[in-house]
Structure formats: structure tokens, C-alpha cells
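Chains, contacts and geometry: an overview
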Amino acid sequence: MDFVFQVLNNTRVIFKEIIENNTLKDLNKVPMGFNNNIIWNIAHVVVSEQLLVYKLSGLESTLSEDMINKYRKGSKPEGDLNQEEVNKIKDLLVSTIQKTKTDYNKGFFKNYNPYTVSTTGNILNNVDEALQFVAIHEGLHYGYVLALLKAIKK
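Residues numbered from 1 in each chain as written. Predicted model: local features only at pLDDT ≥ 70, side-chain atom pairs only at ≥ 80, totals over all residues. Heavy atoms only, no water.

The helix and strand inventory of the protein stands at 6 helices and 2 strands. For the protein, the N- to C-terminal ordering of α and β elements is α-α-α-α-α-β-β-α. Against the 2.2 N^0.38 benchmark of 15 Å for 154 residues, the protein shows a C-alpha radius of gyration of 15 Å, consistent with a compact globule. Each principal axis of the C-alpha distribution contributes one length, and for the protein these read about 45 × 30 × 30 Å. By the burial criterion, 45% of the 154 residues in the protein qualify as buried. (Helix = DSSP H or I, 4+ residues; strand = E, 2+ residues; numbered from the N terminus. Rg over C-alpha atoms; globule rule 2.2 N^0.38 Å. Buried < 20%, exposed > 50% of the residue type's maximum accessible area, 1.4 Å probe, protein only.)

So, in C-alpha cells, the structure goes:
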């Protein structure tokens, strides 16, 4: 799983750089033809990883229920975020995936409640499969963020 964690860490660093290299206005902008914005996509990957890895393993997430509900599957931006909220998301990008790797290496993920992924129909049967899917999911949202950046910068 070292490779999966390496991919996740690298993707999270890219997301962090996107936050740092764009204005608050651009991070919050929902361009014509899109349902969400850059910062929602980035927060969504953080929340999704916590739900797919921790919650389905029967463990507590480090995220608040409010944050989970605000960015989980099926949600959409409820308004512009301020700089403090964006900074919190930026900090969570790296800290959550580092904690997941540490907890994984300590053997914390013993149980797993199988989950059928709505987008692909695959069934996640254990934490290893969940982490592999998380890497794919984050790659999909990276592509979406790139499309958003292109639409905003026109």
C-alpha cells in the first residue's frame, strides 16, 4: 500500500498548491455549466477518504459532522468560503492522509463494512480496496479541478 499512499500524498500536495496559487474568489467561483467549485472538490476528497476508510471501518473520523455533511457525496457549495475555512481545508489535505497512513501501518483497520460505489458499481470489501478507490476518486476530482481552472481562467 506504500504506492497508494504515495499517490494520495502527491495528489494532496497538488491540491494544496492549487489552493495556494489561486485567489479566494477563483476557489469559490462556480463557472457556467458546472455544479460546484474548486474548493468544494478539494474538501470533498478529504471528506470522502474519511468516510470510505474510517467510517466504513467502524472508526471515528477526525472531521466534524458539519464538515462531512457539507462536502459528502450529493452535496454542493452552500456559499463562498472565507480564507479561514479554506486554510482549514488546506491543512486537512496533508494531515488527514498522514494520519490514515499511520493508522493503517498500526493495523487500526481490522473491520470493514462492504460498500458499493455508486459511480462504478464496484464493491469495496476491505480497507485496501477502499484506499485504492480513494486514489482513483481523487484523480477524478483532480481532473474536474483542472477543468474548473480552465473555465475560470478563460
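Structure shown, so let's carry the discussion forward.
Moving on to the packing of helix H1 (residues 2-20) against helix H6 (residues 127-153). Running from N to C, H1 and H6 point in directions that differ by 25 degrees, and their axes come no closer than 10 Å. Viewed along their axes, H1 and H6 adopt a mutual orientation that is roughly parallel. Crossing of H1 over H6 shows left-handed handedness. Each of Val 4, Phe 5, Val 7, Leu 8, Thr 11, Arg 12, Ile 14, Phe 15 and Ile 18 in H1 lies in contact with H6, whose residues at this interface are Leu 131, Gln 132, Val 134, Ala 135, Glu 138, His 141, Tyr 142, Val 145 and Leu 149. Residue classes in the contact of H1 with H6 are distributed as 13 nonpolar, 3 polar and 2 charged. (Axes fitted to C-alpha atoms, helices over the stretch in contact; angles between N-to-C directions. Parallel < 35°, antiparallel > 145°, perpendicular 65-115°, else oblique. Left-handed = near helix turned anticlockwise from the far one by under 90°. Contact = heavy atoms within 4.5 Å. Nonpolar A, V, L, I, M, F, W, Y, C, P; charged D, E, K, R; others polar.)

Here the focus is the nonpolar core. Formed by 26 residues in total, the largest nonpolar core has its most connected members in Ile 38, Ile 42, Met 67, Tyr 71 and Ile 89. When contributions to this core are tallied by element, the ones reaching two or more residues are H1, helix H3 (38-54), helix H4 (65-71), helix H5 (83-105) and H6. Ranked by the residues each element gives to this core, the list is headed by H3, at 9 residues. Judged by nonpolar contacts, the second largest core, of 19 residues, contains Phe 5, Leu 8, Val 127 and Ala 135. (Core = buried A, V, L, I, M, F, W, Y, C linked by side-chain atoms within 4.5 Å.)

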